[in-house]
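Structural characterization, general
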Amino acid sequence: MAITSYPFDGQAVTETQFSQMFREYQDNGVVASYSSGTAFGVNAGTGMQVTVAPGLAFVRGFMVQSTATESLTIPAAGTSARVDRVVLRLDPSTNSIVLAVLQGTAGSSTPTALTQTDTGIFEMELAQVAVGASVTSITSANITAMRPVVGMRVGSWATRTRPTSPRTGQVGYNNTTASWEFWNGTAWTSLVSSVTWSSLAGVPATFTPSAHTHKWADLTDKPSTMPPSSHTHEWDQVTGKPTTFVPSAHGHDWEDISGKPSTYAPATHSHTWSSVTSKPSTFPPSSHSHSSYLESGDTIAWANGSKKPYSNTATDGTWYAVWVEGSGTFCRNTSARKFKENIRDFEIDPADVLKMRPVIYDRKDQLDEETGEVRPGRKGEVGLIADEVHDIGLNWLVQYMDGEIDALRYDLLGVALLPVVQAQERRLRDLEERLAALEAA
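These figures come from a predicted structure and were not determined experimentally.

What counts and what doesn't
- Residues numbered from 1 in each chain as written.
- Predicted model: local features only at pLDDT ≥ 70, side-chain atom pairs only at ≥ 80, totals over all residues.
- Heavy atoms only, no water.
- Helix = DSSP H or I, 4+ residues; strand = E, 2+ residues; numbered from the N terminus.
- Buried < 20%, exposed > 50% of the residue type's maximum accessible area, 1.4 Å probe, protein only.
- Polar contact = N/O pair within 3.5 Å; in protein donor to acceptor, adjacent residues only side chain to side chain.
- Expected span 1.5 Å × (residues − 1).
- Contact = heavy atoms within 4.5 Å.
- Phe/Tyr/Trp six-rings, centres within 6.5 Å; stacked < 30°, edge-to-face > 60°.
- Core = buried A, V, L, I, M, F, W, Y, C linked by side-chain atoms within 4.5 Å.
- Pairing = 2+ DSSP bridges.
- Axes fitted to C-alpha atoms, helices over the stretch in contact; angles between N-to-C directions.

**Concerning the side chain of Glu125**
Mapped onto the elements, Glu125 comes out in strand β9 (residues 122-131). Accessibility expressed as a relative area gives 10% for Glu125, which makes it buried. A distance of 2.7 Å separates polar atoms of two side chains, one belonging to Glu125 and the other to Arg85. Looking at Glu125, its side chain comes within polar contact range of the side chain of Gln128, at 3.1 Å.

**What about helix α6 (residues 413-440)?**
In a regular helix each residue adds 1.5 Å, so 28 residues correspond to 40 Å; α6 covers 41 Å between its end C-alpha atoms and thus fits that length. Of all the positions in α6, only Ala416, Pro419, Val420 and Ala423 are classed as buried. Buried-residue contacts for α6 involve α4 (350-353).

**Observations regarding the packing of aromatic side chains**
Tallied over the full model, the rule gives 6 aromatic pairs. Between Phe18 and Phe22, the aromatic rings sit 5.6 Å apart at their centres with planes inclined by 25 degrees, giving stacked as the arrangement. Residue Phe18 and its partner Phe22 are located together in helix α1 (residues 15-25), separated by 4 residues, close to a single helical turn. Where Trp197 meets Phe207, the ring centres are 6.2 Å apart and the plane angle is 45 degrees; that geometry is what we call tilted. Of this pair, Trp197 sits in the loop between β15 (188-190) and α2 (291-295) while Phe207 sits in the loop between β15 and α2, and the two are 10 residues apart along the sequence. Both residues of the pair, Trp197 and Phe207, belong to the exposed class.

**A closer look at the nonpolar core**
Core analysis: the biggest nonpolar cluster contains 25 residues, and Leu88 and Leu126 have the highest contact counts within it. Going through the elements one at a time, β3 (49-52), β4 (55-59), β7 (82-91) and β9 are the ones with two or more residues in this core. Element by element, the count of residues in this core is highest for β9, at 6 residues. With 13 residues, the next largest nonpolar core counts Leu394, Val398, Leu412 and Ala416 among its residues.

**Observations regarding the sheet that holds strand β2 (residues 42-44)**
If you walk across this open sheet you meet the 3 strands as β2-β3-β6, and the pairing is antiparallel. Bordering the open sheet on either side are β2 and β6 (70-73), each of which pairs with just one other strand. Along the sheet, successive strands turn relative to each other by an average axial angle of 35 degrees, direction set aside. Relative to β3, β2 is paired through 3 bridges, and the arrangement is antiparallel. Bridge pairing links Asn43 to Thr51 in β3.

By themselves, these observations are geometric and do not establish any function.
And the structure:
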């Protein structure tokens, strides 16, 4: 086993050994009071810049000092929000500790993980910066302080020898008052306050007694006699009981009943179609008519428009897209501002829209439970699968019934495609501008 001891006179001590020794004396952190905005405090700057105040800090046993306010540029925002980190980065290979920005992953609320190795790069977080989609500036509301604060030690003193420049949170034992106290930023405050009943707030004026017992001899005003409580007696102990009893409502097993009929005339009842045996496979149509419905323009018979010629025009000059409610009610699809409120932008990720997969499929055959007839499903339909759209995360395009995936809002596909077209338009315009710049050069 190799044993190494250091530091001693005339002995070479490496920076790794010093780091290992010093990190036992002090944790990683900024040397300051936590409530102070200085000492590597991160604040909003101009545009996409943040500023870092001067300060002193320990990082993995090494010391870093900044004597002037530094500016850092946050990488340009994309179309999705992300969370960046401002860090102090220790790199022993370059003998330096510098400020740096760790760019987060687009669309994720979790920042990029810190690199923290024992003898290599070690990053200490100062702040997190929420970068919104397509923003052009960082505000103070986007910055969350994350810096650890060190430099405070537990001490012991008399009241007259307390530290002259204490940091907020500094703790010590006061030998004069024989109590633990801490500096709250304004005054020394006892860790454990003296509590008396009169100093408590919200105490009840009266107390409901808890479950307890008393000896019978200790009770006052007890009754001399007591009416009996609910109890039971053995049958042979009961006197004056009747010799016979009128039967109460009761039941018997079927095999215990005598004189029951062997057959029963059927009462009015019904059966499900699937439980009927020897039913015909086809039914000749009975005499019936449709004309009274078709000629009157009945809403249900004509709702899908399949029997109207393609050249028909609306009699009042207005066409509407039609919605069908879950109850079967028809209503027109309105879209004017006067019908709406709380209007706001709706962010759609073009990448999610491009994940949708057009498919061709066959409808399943269906059994008509009334007639027993199997109706073949439509073949070769083209569309989307609602389950796949749900898995992509575009739930606003999916209709649900009884908590299950049921259908798609095909009328909203145009809305879903708009951000794709807009993103392509922006890319085309950018490419045209770059081409024009190259041609001009």
